[in-house]
Amino acid sequence: MVAAPLIIERAQVLCYRTFDIAEEINLDHARRVVSSDTRRLKLGRENSQYLQLPNPPLAFELGRRALALREGPVTVDVTARLFDHGAASIILRVPVSSGTTLEALTSLADELYDSVALEELALELIEAVRRMIAPAVQGPHLWDQNESYTVLFVERMEGNPSAEELLARADLARVLLGEVDSKPLSSREREAVTQSRFSYTEEDLVVVDWNSAFVYEPSGSGDIPDLLEVANAQLLEFRYYDEQLDGHIARIHDQVQARRHGFRALFRSPYRALARETLATLVDLNEFIERIENSLKIIGDFYLAKVYEAAVKRMRIPAWQASVTRKQQLLAQTYGLLKGEVDTDRSHTLELTVVLLIVLEILFAVLRVFEH
């Protein structure tokens with residue numbers, strides 16, 4: 001006997017596009033310059049006080065927009081969220097019609113994951129946000145890459161299935177991958193995609209993958225999507241600074257090769273400006289890492305913390321963080337070498353000055369002898 005299809009009664013797809021738009025955003029100032037109502041992120045679930053947000057992200061509504069889809073345009077609600085470490089998210093809430101089957105949700109997810117129209121709309125909206133908050137931004141820019149994440153947020157399903165029933169009846173791996181091909185996935189692939197799954201009660205379920213998540217939350221609480229967004233913003237920042245460090249290390253190599261020691265080095269080290277620039281980069285990097293690490297602090301081992309830590313691991317944030325740390329250490333070693341070169345050149349300059357003074361003293365002494 002074929003099991004009846006799972007029917008969605010209330011759901012939406014949360015499409016996140018997160019951009020790096022500044023070195024730092026003053027959230028209090030941004031709150032004053034944004035004309036619409038704003039709100040700081042606050043988790044409402046039990047024990048959420050053990051997830052500390054020292055400087056909670058700031059969100060405000062951008063109204064409704066039309067999003068072109070294969071089946072025709074849909075109206076989406078749009079929210080912007082700002083992070084003090086320079087990231088900004090555009091959140092598009094795509095409605096899911098009541099009566100939609102899980103198979104149809106899979107097709108919608110597949111379209112939204114790679115939607116060109118969604119990308120273009122997100123870029124248009126982030127540019128509007130940048131203009132809006134310009135007075136509150138330090139070091140404005142727009143990185144040419146962004147981080148995307150999609151949350152399939154289901155609040156109610158026909159028959160109110162339990163988490164175990166949902167796992168048994170639904171091929172959630174196919175949903176999260178947006179896999180519309182009729183060929184069944186291997187058991188190993190299904191387990192790999194759904195390995196990070198959690199339930200607080202028998203009636204809710206969270207399955208976290210690297211670029212998408214399925215959240216079945218009859219209570220309607222948005223805490224899980226909010227945490228996934230915070231993790232996604234952290235991933236973006238580590239990727240951004242990893243690229244920045246690559247560029248700075250490459251520039252140091254090129255400039256060292258170009259600035260050979262010559263006669264001018266006796267009076268001014270060719271590496272002085274480069275050493276100063278490298279030190280400034282290290283200082284900025286230390287401030288960035290501190291802001292990222294302080295963006296969310298975990299105290300205790302409870303449900304929300306487990307979901308957040310699983311998301312961090314699934315998104316491979318530790319690997320990017322380790323890469324940034326390794327390059328930071330390399331840059332610190334490079335600064336030490338450059339400073340050593342500058343100190344050596346300065347020492348040579350002082351030695352040459354002393355020699356010149358001695359020569360001048362001898363010349364003056366000889367001249368005095370001839371005068372007499």
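Residues numbered from 1 in each chain as written. Predicted model: local features only at pLDDT ≥ 70, side-chain atom pairs only at ≥ 80, totals over all residues. Heavy atoms only, no water.

## Brief notes about the overall build of the protein
A tally of regular secondary structure across the protein gives 10 helices and 14 strands. When each of the 372 residues of the protein is scored for burial, the buried share is 46%. Across the protein, every contact between residues at least 6 apart in sequence was considered, and the portion connecting residues at least 24 apart equals 77%. (Helix = DSSP H or I, 4+ residues; strand = E, 2+ residues; numbered from the N terminus. Buried < 20%, exposed > 50% of the residue type's maximum accessible area, 1.4 Å probe, protein only. Contact = heavy atoms within 4.5 Å.)

## Some remarks on the pairing of strand β13 (residues 212–216)
Among the 5 residues that make up β13, 5 are buried, leaving the element largely enclosed by the rest of the structure. Residues S212, F214 and Y216 of β13 are buried on one face, and the alternating residues A213 and V215, pointing to the opposite face, are buried as well. Across 5 bridges, strand β10 (residues 146–157) lies against β13 in parallel orientation. Of the residues in β13, the one forming a bridge with T150 is S212. For strand β12 (residues 205–208) and β13, the ladder comprises 4 bridges, and the chain directions are antiparallel. Within β13, the residue paired with V208 across the bridge is A213. In this antiparallel pair of consecutive strands, β12 and β13, the connection spans 3 residues. (Pairing = 2+ DSSP bridges.)

## Description of the packing of aromatic side chains
The description of an aromatic ring pair rests on the distance of the ring centres and on the angle between the ring planes. This model, assessed by the stated rule, comprises 3 aromatic pairs. Relative to Y240, the ring of W143 has its centre 5.4 Å away and its plane inclined at 75°; by these criteria the two rings are edge-to-face. Of this pair, W143 sits in the loop between β9 (137–140) and β10 while Y240 sits in helix α7 (residues 223–258), placing them 97 residues apart in sequence. The exposure classification of W143 matches that of Y240, with both residues buried. Arranged with centres 5.1 Å apart and planes meeting at 90°, the rings of Y240 and Y241 form a pair that is edge-to-face. Through pairs of rings, three or more aromatic residues link up here, namely W143, Y240 and Y241. (Phe/Tyr/Trp six-rings, centres within 6.5 Å; stacked < 30°, edge-to-face > 60°.)

## Some points on the side chain of D84
In this structure, D84 sits in the loop between β6 (74–82) and β7 (87–96). One buried charged residue, D84, forms no salt bridge at all, with the nearest opposite charge on R291 at 5.2 Å. Polar side-chain contacts of D84 include one of 3.3 Å to the side chain of N55. Apart from the residues within four sequence positions on either side, D84 is in contact with E24, I25, L27, N55 and R291. (Lys, Arg positive; Asp, Glu negative; His and termini not counted. Salt bridge = Lys/Arg side-chain N within 4 Å of Asp/Glu carboxyl O. Polar contact = N/O pair within 3.5 Å; in protein donor to acceptor, adjacent residues only side chain to side chain.)

## Focus: the environment of E243
Relative to the elements of secondary structure, E243 occurs in helix α7. With relative accessibility at 33%, the residue E243 sits in the partly exposed group. C-alpha of E243 to C-alpha of V324: the two residues are 81 residues apart in sequence and 9.0 Å apart in space. Among all residues touching E243, those that are not within four sequence positions of it are W143 and Q145.

## Notes on empty space enclosed by the protein
Counted according to the given criterion, the structure contains 1 cavity of 30 Å³ or more. Around the largest cavity sit N55, P57, F83, D84, V230 and S295, which together line it. (1 Å grid on protein atoms, 1.4 Å probe; cavity = no way out; pocket = protein on both sides within 12 Å on 5 of 7 lines; lining within 4 Å. Points joined across faces, edges and corners; volume = space filled by probe spheres on them.)

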